[in-house]
Amino acid sequence: MPKTICLALTGASGMPYGLRLLECLLEAGCRVQLLYSQVAQVVAKQEMGLELPARAKETQAYFRECYAALPGELDVYGREEWFAPLASGSNPPDAMIVCPCTMGTLASIAQGLASNLIERAADVVLKEGRKLVLVPRETPFSAIHLENMLRLARAGAVILPPNPGFYHHPKSVEELVDFVVARVLDQVAVPHALMQRWGAGEDAA
(Lines give C-alpha, C1' and ligand atoms only; values in the text may rest on other atoms or scores of the structure.)
Protein backbone atom coordinates (compact mmCIF):
# COMPACT_ATOMS: atom_id res chain seq x y z
CA MET A 1 0.00 0.00 0.00
CA PRO A 2 1.32 3.49 -0.78
CA LYS A 3 2.10 5.73 2.16
CA THR A 4 -0.40 8.44 3.04
CA ILE A 5 1.40 11.66 3.92
CA CYS A 6 -0.24 14.88 5.07
CA LEU A 7 1.72 17.92 3.90
CA ALA A 8 0.83 21.30 5.38
CA LEU A 9 2.16 24.59 4.01
CA THR A 10 2.07 27.52 6.42
CA GLY A 11 3.11 31.15 6.14
CA ALA A 12 6.82 30.98 7.00
CA SER A 13 9.45 31.72 4.40
CA GLY A 14 10.61 28.55 2.64
CA MET A 15 7.83 27.72 0.21
CA PRO A 16 10.32 26.14 -2.26
CA TYR A 17 10.92 23.40 0.33
CA GLY A 18 7.21 22.65 0.65
CA LEU A 19 6.47 22.56 -3.05
CA ARG A 20 9.52 20.42 -3.80
CA LEU A 21 8.35 18.03 -1.08
CA LEU A 22 4.95 17.82 -2.75
CA GLU A 23 6.57 16.92 -6.06
CA CYS A 24 8.88 14.32 -4.51
CA LEU A 25 6.11 12.68 -2.49
CA LEU A 26 3.97 12.30 -5.60
CA GLU A 27 6.97 11.06 -7.58
CA ALA A 28 7.47 8.38 -4.92
CA GLY A 29 3.88 7.20 -5.37
CA CYS A 30 2.53 8.53 -2.06
CA ARG A 31 -1.03 9.53 -1.37
CA VAL A 32 -0.67 13.19 -0.39
CA GLN A 33 -3.21 15.10 1.67
CA LEU A 34 -2.35 18.77 1.15
CA LEU A 35 -3.32 21.57 3.52
CA TYR A 36 -2.31 25.23 3.36
CA SER A 37 -2.91 28.31 5.45
CA GLN A 38 -4.13 31.68 4.25
CA VAL A 39 -0.73 33.25 4.84
CA ALA A 40 0.88 30.42 2.86
CA GLN A 41 -0.96 31.83 -0.15
CA VAL A 42 0.78 35.17 0.41
CA VAL A 43 4.20 33.54 0.80
CA ALA A 44 3.74 31.36 -2.30
CA LYS A 45 3.00 34.49 -4.35
CA GLN A 46 5.93 36.42 -2.82
CA GLU A 47 8.58 33.70 -3.09
CA MET A 48 7.54 31.74 -6.17
CA GLY A 49 5.04 33.85 -8.09
CA LEU A 50 2.47 31.12 -7.45
CA GLU A 51 -1.11 32.15 -6.80
CA LEU A 52 -2.72 29.42 -4.71
CA PRO A 53 -6.51 29.69 -5.01
CA ALA A 54 -8.51 30.25 -1.85
CA ARG A 55 -10.71 27.25 -2.72
CA ALA A 56 -9.10 23.89 -1.98
CA LYS A 57 -10.71 22.15 -4.94
CA GLU A 58 -9.27 24.70 -7.36
CA THR A 59 -5.81 24.16 -5.88
CA GLN A 60 -6.34 20.40 -6.16
CA ALA A 61 -7.23 20.69 -9.84
CA TYR A 62 -4.20 22.90 -10.48
CA PHE A 63 -1.66 20.59 -8.84
CA ARG A 64 -3.23 17.45 -10.28
CA GLU A 65 -2.74 18.95 -13.73
CA CYS A 66 0.84 20.04 -12.93
CA TYR A 67 1.82 16.58 -11.67
CA ALA A 68 -0.40 14.43 -13.85
CA ALA A 69 2.60 12.39 -15.02
CA LEU A 70 3.58 11.39 -11.47
CA PRO A 71 2.25 8.16 -9.93
CA GLY A 72 1.09 9.57 -6.58
CA GLU A 73 -2.40 10.68 -5.62
CA LEU A 74 -3.30 14.16 -4.36
CA ASP A 75 -6.21 15.47 -2.33
CA VAL A 76 -6.39 19.06 -1.09
CA TYR A 77 -8.54 20.03 1.89
CA GLY A 78 -9.76 23.38 3.14
CA ARG A 79 -8.74 24.81 6.51
CA GLU A 80 -12.22 24.28 7.97
CA GLU A 81 -12.99 20.96 6.27
CA TRP A 82 -13.69 19.06 9.47
CA PHE A 83 -15.02 15.97 7.69
CA ALA A 84 -11.65 15.38 6.00
CA PRO A 85 -10.20 11.94 6.86
CA LEU A 86 -7.19 13.38 8.69
CA ALA A 87 -9.42 15.23 11.18
CA SER A 88 -10.12 11.95 12.99
CA GLY A 89 -7.96 9.43 14.78
CA SER A 90 -9.96 6.71 13.04
CA ASN A 91 -8.29 7.57 9.72
CA PRO A 92 -4.90 9.23 10.34
CA PRO A 93 -2.16 9.57 7.72
CA ASP A 94 0.99 7.52 8.06
CA ALA A 95 2.92 10.74 8.72
CA MET A 96 2.52 14.51 8.60
CA ILE A 97 4.97 17.19 7.51
CA VAL A 98 4.50 20.91 8.19
CA CYS A 99 6.87 22.66 5.79
CA PRO A 100 7.48 25.51 6.06
CA CYS A 101 6.24 25.80 9.63
CA THR A 102 5.54 29.15 11.27
CA MET A 103 6.28 29.73 14.93
CA GLY A 104 2.57 30.39 15.42
CA THR A 105 1.60 27.02 13.99
CA LEU A 106 4.33 25.32 15.99
CA ALA A 107 3.14 27.00 19.20
CA SER A 108 -0.47 26.03 18.56
CA ILE A 109 0.46 22.39 17.99
CA ALA A 110 2.66 22.43 21.09
CA GLN A 111 -0.28 23.62 23.18
CA GLY A 112 -2.68 21.05 21.75
CA LEU A 113 -4.86 23.60 19.97
CA ALA A 114 -7.03 22.61 17.02
CA SER A 115 -8.61 25.79 15.69
CA ASN A 116 -8.07 24.76 12.05
CA LEU A 117 -7.50 21.55 10.12
CA ILE A 118 -3.70 21.90 10.09
CA GLU A 119 -3.57 22.04 13.88
CA ARG A 120 -6.16 19.29 14.27
CA ALA A 121 -4.35 16.99 11.84
CA ALA A 122 -1.09 17.48 13.74
CA ASP A 123 -2.87 16.77 17.02
CA VAL A 124 -4.30 13.55 15.56
CA VAL A 125 -0.91 12.42 14.25
CA LEU A 126 0.70 12.96 17.66
CA LYS A 127 -2.01 11.25 19.67
CA GLU A 128 -2.07 8.28 17.30
CA GLY A 129 1.70 7.83 17.55
CA ARG A 130 2.42 8.64 13.92
CA LYS A 131 5.44 10.62 12.69
CA LEU A 132 5.09 14.42 12.78
CA VAL A 133 7.89 16.44 11.14
CA LEU A 134 7.99 20.21 11.62
CA VAL A 135 10.29 22.36 9.47
CA PRO A 136 10.48 25.72 11.29
CA ARG A 137 11.93 28.46 9.11
CA GLU A 138 12.84 31.19 11.59
CA THR A 139 16.05 32.69 12.93
CA PRO A 140 17.09 33.39 15.58
CA PHE A 141 14.92 31.28 17.87
CA SER A 142 13.58 32.93 21.01
CA ALA A 143 13.37 31.09 24.33
CA ILE A 144 9.63 30.68 23.70
CA HIS A 145 10.31 29.07 20.31
CA LEU A 146 12.85 26.70 21.84
CA GLU A 147 10.56 25.75 24.73
CA ASN A 148 7.75 24.94 22.29
CA MET A 149 10.11 22.84 20.18
CA LEU A 150 11.31 20.95 23.24
CA ARG A 151 7.72 20.31 24.28
CA LEU A 152 6.95 18.89 20.84
CA ALA A 153 10.14 16.82 20.70
CA ARG A 154 9.21 15.27 24.04
CA ALA A 155 5.78 14.48 22.59
CA GLY A 156 7.42 12.59 19.72
CA ALA A 157 7.60 15.20 16.96
CA VAL A 158 10.71 15.70 14.83
CA ILE A 159 12.01 19.28 14.70
CA LEU A 160 13.91 19.66 11.44
CA PRO A 161 15.11 23.22 10.73
CA PRO A 162 15.92 23.65 7.03
CA ASN A 163 19.69 23.89 7.46
CA PRO A 164 21.41 22.69 4.28
CA GLY A 165 24.83 21.08 4.34
CA PHE A 166 27.64 22.02 2.00
CA TYR A 167 29.83 18.91 2.01
CA HIS A 168 28.23 17.81 -1.27
CA HIS A 169 29.39 21.04 -2.96
CA PRO A 170 26.01 22.38 -4.09
CA LYS A 171 26.06 24.39 -7.28
CA SER A 172 22.55 25.85 -7.20
CA VAL A 173 19.74 26.94 -4.92
CA GLU A 174 17.81 23.90 -6.12
CA GLU A 175 20.52 21.59 -4.75
CA LEU A 176 20.33 23.34 -1.37
CA VAL A 177 16.57 22.86 -1.36
CA ASP A 178 16.94 19.19 -2.28
CA PHE A 179 19.35 18.64 0.62
CA VAL A 180 16.68 19.70 3.12
CA VAL A 181 13.89 17.89 1.29
CA ALA A 182 15.97 14.71 1.31
CA ARG A 183 16.33 14.92 5.11
CA VAL A 184 12.56 15.34 5.48
CA LEU A 185 11.81 12.39 3.18
CA ASP A 186 14.21 10.23 5.19
CA GLN A 187 12.24 11.00 8.35
CA VAL A 188 8.99 9.71 6.84
CA ALA A 189 10.72 6.73 5.16
CA VAL A 190 9.96 7.83 1.60
CA PRO A 191 12.65 6.71 -0.88
CA HIS A 192 14.40 9.28 -3.04
CA ALA A 193 17.55 9.87 -5.06
CA LEU A 194 17.93 13.58 -4.46
CA MET A 195 21.57 13.42 -3.46
CA GLN A 196 24.43 11.02 -2.89
CA ARG A 197 24.54 9.69 0.65
CA TRP A 198 27.53 10.19 2.90
CA GLY A 199 30.13 7.48 2.37
CA ALA A 200 28.40 6.17 -0.75
CA GLY A 201 30.73 7.77 -3.29
CA GLU A 202 33.17 6.04 -5.59
CA ASP A 203 35.99 6.59 -3.09
CA ALA A 204 34.03 4.96 -0.25
CA ALA A 205 35.30 1.49 -1.17
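For the structure given in this document, a descriptive report is provided here. (Residues numbered from 1 in each chain as written. Predicted model: local features only at pLDDT ≥ 70, side-chain atom pairs only at ≥ 80, totals over all residues. Heavy atoms only, no water.)

All right, on to helix α5 (residues 117–127) then. Those residues of α5 lying buried are Leu117, Ile118, Glu119, Ala121, Ala122, Val124 and Val125. Tucked into the core, α5 has its buried residues touching β1 (4–9), β2 (31–36), β4 (95–101), α4 (103–110) and β5 (131–136). Following α5 by one or two positions, Gly129 adopts a phi angle in the positive range, close to 70°. (Buried < 20%, exposed > 50% of the residue type's maximum accessible area, 1.4 Å probe, protein only. Helix = DSSP H or I, 4+ residues; strand = E, 2+ residues; numbered from the N terminus. Contact = heavy atoms within 4.5 Å.)

Moving on, we come to the sheet that holds β1. Across the sheet, six strands lie side by side as β3-β2-β1-β4-β5-β6; this open sheet has parallel pairing. Each edge of the open sheet is held by one strand with a lone partner, namely β3 (73–76) and β6 (158–159). In this structure, β2 lies alongside β3, joined through four bridges in parallel fashion. In the sheet register, Leu34 faces β3, and the bridge partner there is Val76. Against the sheet, α4 engages β4 and β5, with an angle of about 150° to β5. (Pairing = 2+ DSSP bridges. Axes fitted to C-alpha atoms, helices over the stretch in contact; angles between N-to-C directions.)

So, on to the state of the cysteines. The full count for this structure, using the stated rule, is zero disulfides. In this model Cys99 remains outside any disulfide bridge; the closest cysteine sulfur is found in Cys101, 8.9 Å from its own. Here Cys99 falls in the buried class, since its relative accessible area comes to 1%. Under the relative-accessibility criterion, Cys101 is labelled buried at 0%. (Disulfide = S-S within 2.5 Å.)

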